[in-house]
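# Per-entry structural report
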Amino acid sequence: MIVVLKPKVSRKQETEVLKEIRRLGYKPHVIRGVERIVIGAIGDERTHQSLEVLTTWPQVEQVMPVQKRFKLVNREAHPDNSVITVRGNLIGGKKFQVMAGPCSVESETQLLTTAEAVQKAGATILRGGAFKPRTSPYEFQGLGEKGLKLLAKARRATGLAIITELLSEAHVDLVAEYTDIIQIGARNAQNFQLLIAAARTGKPILLKRGLSMKVEEWLLAGEYVLANGNSNLMFCERGIRTFETYTRNTLDLSTIPIVKKESHLPIVIDPSQGCGRADLVIASCKGAVAMGADALLIEVHPHPAEAWSDGAQQVSLGQFAQLMEELKPFIAAAGRE
Ligand code: PEP
Ligand code: MN
């Protein structure tokens with residue numbers, strides 16, 4: 001930790017601070033500047049009480065941590081990229097992965113038609129919500145276990161792996177029994193008890209960024225998963241709430257190089273919730289690939305206009321096939337397969 005003293009503090013005030021730093025188990029190293037004194041306090045912030053209490057002292061201007069608050073998610077803890085295996089598909093490796101499927105599972109025909117089409121176009125993981133986090137209680141809430149059973153049926157029919165959202169701690173065992181990847185949605189991104197419960201299933205976890213979540217908060221939410229014994233975590237940017245109204249959310253593609261730099265875990269982009277508009281999905285996917293994303297999570301529906309949720313942002317089967325075609329040169333240019 002770095003402790004910055006206010007200008008012109010007395011010797012006595014300085015000594016008081018040094019004494020307190022030692023008392024809390026740190027070794028102080030004093031740097032005397034022209035205007036003020038800066039103290040480097042050496043010690044492990046994980047095992048000692050934080051020096052942040054010193055900010056309440058009148059002679060102290062600022063206390064800054066040196067170490068990052070996220071430890072296990074931090075690339076320093078694991079310099080190589082982490083690669084997550086989901087039913088034989090590697091996420092975070094050389095192969096670029098596409099997860100695709102409807103926002104909500106609606107029926108067997110809808111899901112199977114979509115699964116076969118996205119697989120034919122090159123997707124390896126099928127998405128579909130069975131428990132839906134809807135803004136209004138009067139909107140379609142998902143088929144629940146019936147939806148999970150349909151996802152399992154689609155997996156049997158196609159061999160695609162599946163990803164679905166875990167909405168509540170009450171459903172942990174049920175969802176884990178069916179899914180290959182547990183999706184933690186934007187609205188639950190800081191539901192720490194849910195993150196812990198999900199982590200303990202040992203299943204790979206895709207953690208969406210919360211609606212108004214800072215990157216550091218998102219990485220710290222991910223830290224809960226790793227700190228609870230599960231290192232199969234991927235982050236998923238899905239847009240954040242801003243003042244802009246042309247799009248449903250503002251898709252923050254800058255998080256791709258940030259997450260890559262700060263952590264060793266894969267980053268997935270969801271352009272569907274990110275923009276809320278089907279006509280922006282292809283361009284956003286190209287941008288995501290070019291910026292180094294490891295995978296995409298895309299909403300696809302056989303008849304978007306008739307979708308039970310998020311109709312405006314779902315691409316049709318034809319549009320998805322076109323998207324996958326148009327992505328090929330971008331994937332190659334990014335050095336991926
Ligand atoms: C979804 O993937 O359909 C969804 C509800 O996502 P988010 O949590 O990002 O809103
Ligand atoms: Mn959706």
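Because the structure is a prediction, the values reported are computed rather than measured.

It is worth spelling out the overall build of the chain at this point. Regarding its fold elements, the chain presents ten helices and 14 strands. Each of the three principal axes of the chain carries a C-alpha extent, and together these read 80 × 40 × 40 Å. Residues classed as buried in the chain amount to 54% of the 337 residues present. Pairs at least 24 apart in sequence give 68% of the contacts found in the chain among residues at least 6 apart. In the structure as shown, the chain presents an accessible area of about 15,300 Å², 53% of it carried by carbon and sulfur atoms. Distance from the positive charge centre (42 side chains) to the negative charge centre (36 side chains) of the chain: 4 Å.

A word on the sheet that holds strand β1 (residues 2-5). Judged by pairing direction, the sheet is antiparallel, and its four strands sit side by side in the order β2-β3-β1-β4 without closing on themselves. Edge positions in the sheet fall to β2 (27-32) and β4 (60-64), since each has one partner strand and no second. Here the strands of the sheet are splayed against their neighbours by 20° on average, with no regard to which way each runs. By the bridge criterion, six bridges tie β2 to strand β3 (residues 37-42) in an arrangement that is antiparallel. Within the sheet, the bridge partner assigned to Arg32 lies in β3 and is Ile37. In the packing of helix α1 (residues 11-23) onto the sheet, the strands contacted are β1, β2, β3 and β4, and the crossing angle to β2 comes to about 150°.

A few words on the coordination of the manganese ion (ligand 2). The protein atoms that coordinate the manganese ion (ligand 2) are Cys103 (SG), Glu299 (OE) and Asp310 (OD), at distances of 2.1 to 2.4 Å. Each donor residue of the manganese ion (ligand 2) belongs to the same chain, and together they define the spacing C-x195-E-x10-D. Taken as a pair, Cys103 in the loop between β7 (97-101) and α2 (108-121) and Glu299 in strand β14 (residues 295-299) lie far apart in primary sequence, 196 residues in all. Here Cys103 matches Glu299 in class, with each residue buried.

Now for helix α9 (residues 281-290). Counting buried positions along α9 gives seven out of ten residues, so the element sits mostly inside the fold. Those residues of α9 not exposed but buried are Val281, Ile282, Ser284, Cys285, Lys286, Ala288 and Val289. Of the surrounding elements, those touching the buried residues of α9 are α7 (255-262), β13 (267-269), α8 (271-275), β14 and α10 (317-333). Residue Gly292 follows α9 closely and has a positive phi angle near 100°.

For the rest of this paragraph, the subject is the side chain of Gln273. Looking at where Gln273 falls in the secondary structure, it is placed in helix α8. Leaving out residues up to four positions away in the same chain, Gln273 has contacts with Arg127, Lys208, Arg238, Arg248, Asn249, Glu299, Asp310 and Gln313.

Another point: the pattern of salt bridges. Taken as a whole and judged by the stated rule, the model has 21 salt bridges. The salt bridge involving Glu14 is made with Arg32; its shortest N-O contact spans 3.0 Å. With Glu14 in helix α1 and Arg32 in strand β2, this residue pair connects regions lying 18 residues apart in the sequence. According to the relative accessible area criterion, Arg32 is partly exposed, its value standing at 46%. A salt bridge links Glu299 to Arg127; the nearest nitrogen and oxygen atoms lie 3.4 Å apart. Here Glu299 is found in strand β14, whereas its partner Arg127 is found in strand β8 (residues 125-127), with 172 residues between them in sequence. Glu299 sits in the buried class, given a relative accessible area of 1%.

What follows covers the site of ligand 1. Surrounding ligand 1, one finds 13 residues, the nearest of these being Arg127, Ala186, Arg187, Lys208 and Arg238. In the model, an oxygen atom of ligand 1 is placed 2.8 Å from a nitrogen or oxygen of the Lys208 side chain. For ligand 1, whose accessible area on its own is 290 Å², the fraction buried by protein is 97%. Its residues placed into classes, the shell around ligand 1 shows three nonpolar, three polar and seven charged.

Definitions and limits used
- Residues numbered from 1 in each chain as written.
- Chains lettered and ligands numbered in written order.
- Predicted model: local features only at pLDDT ≥ 70, side-chain atom pairs only at ≥ 80, totals over all residues.
- Heavy atoms only, no water.
- Helix = DSSP H or I, 4+ residues; strand = E, 2+ residues; numbered from the N terminus.
- Buried < 20%, exposed > 50% of the residue type's maximum accessible area, 1.4 Å probe, protein only.
- Contact = heavy atoms within 4.5 Å.
- Areas by Shrake-Rupley, 256 points an atom, 1.4 Å probe, with all protein chains shown as cover.
- Lys, Arg positive; Asp, Glu negative; His and termini not counted.
- Charge placed at Lys NZ, Arg CZ, Asp CG, Glu CD.
- Pairing = 2+ DSSP bridges.
- Axes fitted to C-alpha atoms, helices over the stretch in contact; angles between N-to-C directions.
- Donors = N, O, S within 2.8 Å, 3.2 Å for Na, K, Ca; no water.
- Salt bridge = Lys/Arg side-chain N within 4 Å of Asp/Glu carboxyl O.
- Near = heavy atom within 4 Å.
- Polar contact = N/O pair within 3.5 Å; in protein donor to acceptor, adjacent residues only side chain to side chain.
- Nonpolar A, V, L, I, M, F, W, Y, C, P; charged D, E, K, R; others polar.

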